[in-house]
Amino acid sequence: ILNVEQSPQSLHVQEGDSTNFTCSFPSSNFYALHWYRWETAKSPEALFVMTLNGDEKKKGRISATLNTKEGYSYLYIKGSQPEDSATYLCAFTSGTYKYIFGTGTRLKVLA
Amino acid sequence: SAVISQKPSRDICQRGTSLTIQCQVDSQVTMMFWYRQQPGQSLTLIATANQGSEATYESGFVIDKFPISRPNLTFSTLTVSNMSPEDSSIYLCSVEDPVKGSNEKLFFGSGTQLSVL
C-alpha cells in the first residue's frame, strides 16, 4: 500500500517566523510530487510540481526541495504572514492519473 | 488553467437521504475526478468520470453508493446516496491541467462540506 505522510499535522507560528514541513513518499516508481495550498472554503491551489531529484522550486516566500532517492520533500515558508494560514497538501504520483495525498499540515500564522 | 464551479458549498442532510454535487468546468476535459476527505484523513479518490462511459471506481467505492454522471466534457455530478453519518466529509471535484505538455497539476472545485445527522 502506497502511503504519503506529512508532518507536522498542524502548527502555529508567529508572523515573521520562518517554518517548514515535511512530506514523505514512496521512493520507488516516482513520477512527480505536488504541493497544494488549501485555504478554508476555497479550492486547493497548486504551488509546485516537482519531478527531478534535487529539484528546488520557489514562489515568492515559499520554496520546496525534493529528494526522490530517500522519498521526501520539504516546503519552506520564509517570513510567514497571516495570509499563509492554510492547509498544505502534498501528493505523489507514479505517472498515472492517480494521486496519493498526505493528510496535510495545517498552518496558522498569528499576527 | 481551469476554473471549476462546484455546488453546493455545504449542506446538512438527514440520514437515509441523497445529495447530488455538481461541478462545471470552464474548458473541455477528458477526465474529471471525485475526491473525498473524511475528518482527519487524506484526500481519497472516489472515482474517475469519463464522458460517454461509466465511471471507474476506486477500491472501497461502489456505483450504487456514489453514482456519477458525465453528460459532456465540461460537467459532472456525484450523488451520495442513502447517507449515513460516516459520509460526513468534504467532497471535491478535480481535473488535470487541460493544457497538455504543462506540469499537469490538478485544479479543484471549492469543495462541498457535507454533514449527515
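Refer to the preceding data block for the structure.
To start, this report covers the structure provided alongside it. These figures come from a predicted structure and were not determined experimentally. (Residues numbered from 1 in each chain as written. Chains lettered and ligands numbered in written order. Predicted model: local features only at pLDDT ≥ 70, side-chain atom pairs only at ≥ 80, totals over all residues. Heavy atoms only, no water.)

### Here we look at the overall build of chain A
Regarding its fold elements, chain A presents 0 helices and 11 strands. The order of α-helices and β-strands along chain A, N terminus first, is β-β-β-β-β-β-β-β-β-β-β. For chain A, the C-alpha radius of gyration of 13 Å lies close to 13 Å, the compact-globule estimate for 111 residues. Seen along its three principal axes, the alpha-carbon backbone of chain A occupies a region of about 40 × 30 × 20 Å. Counted over contacts in chain A with a minimum sequence separation of 6, partners at least 24 positions apart contribute 53%. (Helix = DSSP H or I, 4+ residues; strand = E, 2+ residues; numbered from the N terminus. Rg over C-alpha atoms; globule rule 2.2 N^0.38 Å. Contact = heavy atoms within 4.5 Å.)

### Focus: the sheet that holds strand β3 (residues 19-24) of chain A
All names here are of chain A. Taken in spatial order, the 5 strands make up an open sheet running β1-β3-β8-β7-β6, and their pairing is antiparallel. If you trace the sheet from one side to the other, it starts and ends with β1 (5-7) and β6 (56-59), each paired once. Ignoring strand direction, the axes of neighbouring strands in this sheet form an average angle of 15 degrees. With 6 bridges connecting them, β3 and strand β8 (residues 72-77) associate as antiparallel partners. (Pairing = 2+ DSSP bridges. Axes fitted to C-alpha atoms, helices over the stretch in contact; angles between N-to-C directions.)

### Let's talk about the packing of aromatic side chains
For the structure shown, the criterion picks out 12 aromatic pairs over all chains. Geometrically, the ring pair formed by A:Tyr36 and B:Phe108 is edge-to-face, given 5.6 Å between the ring centres and 90 degrees between the ring planes. One end of the pair, A:Tyr36, is in strand β4 (residues 32-38); the other, B:Phe108, is in strand β10 (residues 106-108), on a second chain. Residue A:Tyr36 shares its accessibility class with B:Phe108, and that shared class is buried. Relative to B:Phe108, the ring of A:Phe101 has its centre 6.3 Å away and its plane inclined at 70 degrees; by these criteria the two rings are edge-to-face. Of the two residues, A:Phe101 sits in strand β10 (residues 100-101) while B:Phe108 sits in strand β10, which places them in two different chains. The exposure class of B:Phe108 is buried, given its relative accessible area of 5%. Three or more aromatic residues joined by ring pairs form one cluster here, namely A:Tyr36, A:Phe101, B:Tyr35 and B:Phe108. (Phe/Tyr/Trp six-rings, centres within 6.5 Å; stacked < 30°, edge-to-face > 60°. Buried < 20%, exposed > 50% of the residue type's maximum accessible area, 1.4 Å probe, protein only.)

### Re the interface of chain B and chain A
On the chain A side, the residues contacting the 22 residues of chain B number 18 residues. Across the interface of chain B and chain A, roughly 1600 Å² is buried in total on both sides, 61% from carbon and sulfur atoms. On the chain B side of the interface with chain A, the three residues burying the most area are B:Leu43, B:Leu106 and B:Phe108, jointly 26% of the side's total. Between chain B and chain A we count 1 salt bridge in total. For B:Glu58, the salt bridge goes to A:Lys98, with nearest N and O atoms at 3.1 Å. Across the chain B-chain A interface, the total number found is 6 residue pairs in polar contact (both at pLDDT 80 or more). A per-class count over the side of chain B that touches chain A returns 9 nonpolar, 9 polar and 4 charged. (Buried area = accessible area lost by both parts, 1.4 Å probe. Salt bridge = Lys/Arg side-chain N within 4 Å of Asp/Glu carboxyl O. Polar contact = N/O pair within 3.5 Å; in protein donor to acceptor, adjacent residues only side chain to side chain. Nonpolar A, V, L, I, M, F, W, Y, C, P; charged D, E, K, R; others polar.)

### Regarding the environment of B:Leu43
Turning to its location among the elements, B:Leu43 is positioned in the loop between β4 (31-37) and β5 (44-50). Assessed through its relative accessible area of 3%, B:Leu43 is described here as buried. Between the C-alpha atoms of B:Leu43 and B:Ile90, which are 47 residues apart in sequence, the distance is 8.8 Å. Ignoring any residue separated from it by four or fewer positions in sequence, one finds B:Leu43 in contact with A:Leu89, A:Phe101, A:Gly102, B:Tyr35, B:Arg36, B:Gln37, B:Leu92 and B:Phe108.

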